[in-house]
Amino acid sequence: MNKLKQIEDFLAAQPIAMAGVSSNPKKFGFAAFRELKEKGMKIIPVNPHASEIHQSRVVHSLKELSAEVKSLIIMTRKDQTLELVKEAKSLGFKNIWIQQHSETPEAIKELEGSGINYIVNQCVLMYFKPDGVHKFHIALKKLFGRYPK
């Protein structure tokens, strides 16, 4: 289980790239990006098929990011996760958050022992300025002893 300190360290390491941002407003990848951006996160969308999403310039790959970006949220399909983890490792990323439902055993194994601060099986929306349903989910996790310490 992730520790709260790992999550806090990740969220403090902005700007943060987000792979899997959708240009479709009906998809979770768009909604999550929009919410994080509107709450003030310095976030950069990564999508190989778009040039702008929610008034933000999109980069097409991790290689296009400036050297200051060392944190990545992966919100892709599972079949894309491992390759993104490998690419982020090779580019020197220090923090990787694999959004729940994007994680794979292979991607997690790739991160183990790498020295990278990584978070899995957590929803980033619960930890960055949570409100509404996310505050309720936090209360439930705390009630059942599943909130990181």
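Now for a look at the structure at hand. (Residues numbered from 1 in each chain as written. Predicted model: local features only at pLDDT ≥ 70, side-chain atom pairs only at ≥ 80, totals over all residues. Heavy atoms only, no water.)

Attention now moves to the sheet that holds strand β6 (residues 95–99). Here we have 5 strands laid out as an open sheet, ordered β2-β1-β5-β6-β7, and parallel in their pairing. Each edge of the open sheet carries a strand with a single partner, namely β2 (43–46) and β7 (117–122). Pairwise comparison of adjacent strand axes, ignoring direction, gives a mean angle of 20 degrees for this sheet. Sheet analysis places strand β1 (residues 16–19) next to β2, joined by 4 bridges and oriented parallel. Looking at the pairing, Ala17 lines up with Ile44 of β2. (Pairing = 2+ DSSP bridges. Helix = DSSP H or I, 4+ residues; strand = E, 2+ residues; numbered from the N terminus. Axes fitted to C-alpha atoms, helices over the stretch in contact; angles between N-to-C directions.)

Inspection of the secondary structure puts Ala13 in the loop between α1 (4–12) and β1. Expressed as a C-alpha distance, the spacing of Ala13 and Ser71, which sit 58 residues apart in the sequence, is 6.5 Å. Once residues lying within four places of it in the same chain are set aside, the contact partners of Ala13 are Ser71 and Asn95. (Contact = heavy atoms within 4.5 Å.)

Relative to the assigned elements, Asn95 resides in strand β6. For Asn95, the contacting residues outside a window of four places in its chain are Phe10, Ala13, Lys70, Ser71, Leu72, Ile116 and Asn117. Within the structure, the side chain of Asn95 is placed 3.1 Å from the side chain of Ser71, a separation counted as a polar contact. (Polar contact = N/O pair within 3.5 Å; in protein donor to acceptor, adjacent residues only side chain to side chain.)

Turning our attention to the packing of aromatic side chains. Evaluation of the coordinates by the stated rule reveals 3 aromatic pairs. An angle of 55 degrees between the planes, with centres 6.0 Å apart, marks the rings of Trp97 and Tyr127 as tilted. On the criterion of sequence distance, the pair formed by Trp97 in strand β6 and Tyr127 in the loop between β7 and α5 (133–143) is long-range, its members being 30 residues apart. Put simply, the rings of Phe10, Trp97, Tyr127 and Tyr147 touch in pairs and so form one group of aromatic residues. Over the aromatic face of Tyr147 sits the side chain of Lys142, whose NZ or CZ is 4.9 Å from the ring centroid. (Phe/Tyr/Trp six-rings, centres within 6.5 Å; stacked < 30°, edge-to-face > 60°. Lys NZ or Arg CZ within 6 Å of the ring centre and 35° of its normal.)

Together, Val133, Phe136, Leu140, Leu143 and Phe144 give the surface a local cluster of nonpolar side chains, amounting to about 540 Å² of exposed area. With respect to the element layout, Leu140 can be found in helix α5. (Patch = residues over 30% accessible without salt bridge, like charges linked within 9 Å, V, L, I, M, F, W, Y side chains within 5 Å. Areas by Shrake-Rupley, 256 points an atom, 1.4 Å probe, with all protein chains shown as cover. Salt bridge = Lys/Arg side-chain N within 4 Å of Asp/Glu carboxyl O.)

Okay, the pattern of salt bridges next. The full count for this structure, using the stated rule, is 5 salt bridges. The shortest N-O distance in the salt bridge between Arg77 and Asp79 comes to 3.2 Å. Across this residue pair, the class does not change: Arg77 and Asp79 are exposed. Three or more residues joined by partner-sharing salt bridges are found here, namely Glu35, Lys39 and Asp131. (Buried < 20%, exposed > 50% of the residue type's maximum accessible area, 1.4 Å probe, protein only.)

This part takes up the nonpolar core. Counting 27 residues, the largest nonpolar core has Leu11, Met18, Leu36, Met41, Ile73, Trp97 and Val124 as the members making the most contacts within it. Counting residues per element, the ones that place at least two in this core are α1, β1 and α2 (28–38). No other element matches α2, which puts 4 residues into this core. One finds Ala19, Val59, Leu62 and Ala88 within the second-largest nonpolar core, a separate group that totals 21 residues. (Core = buried A, V, L, I, M, F, W, Y, C linked by side-chain atoms within 4.5 Å.)

A word on the pairing of strand β5 (residues 71–74). Burial of the side chains of β5 extends over both faces: Ser71 and Ile73 are buried on one face and Leu72 and Ile74 on the other. As judged from the 4 bridges shared by β1 and β5, these two strands associate in the parallel manner. Residue pairing in the sheet places Met18 in a bridge with Ile73 of β5. Looking at chain direction, β5 and β6 are connected through 4 bridges and run parallel. Within β6, the residue paired with Ser71 across the bridge is Asn95. At this point the chain moves from β5, through helix α3 (residues 78–90), to the parallel β6, and the crossover so formed is right-handed. (Right-handed = clockwise from strand over helix to strand, strands pointing away.)

Purely spatial values, then, with no claim about function.
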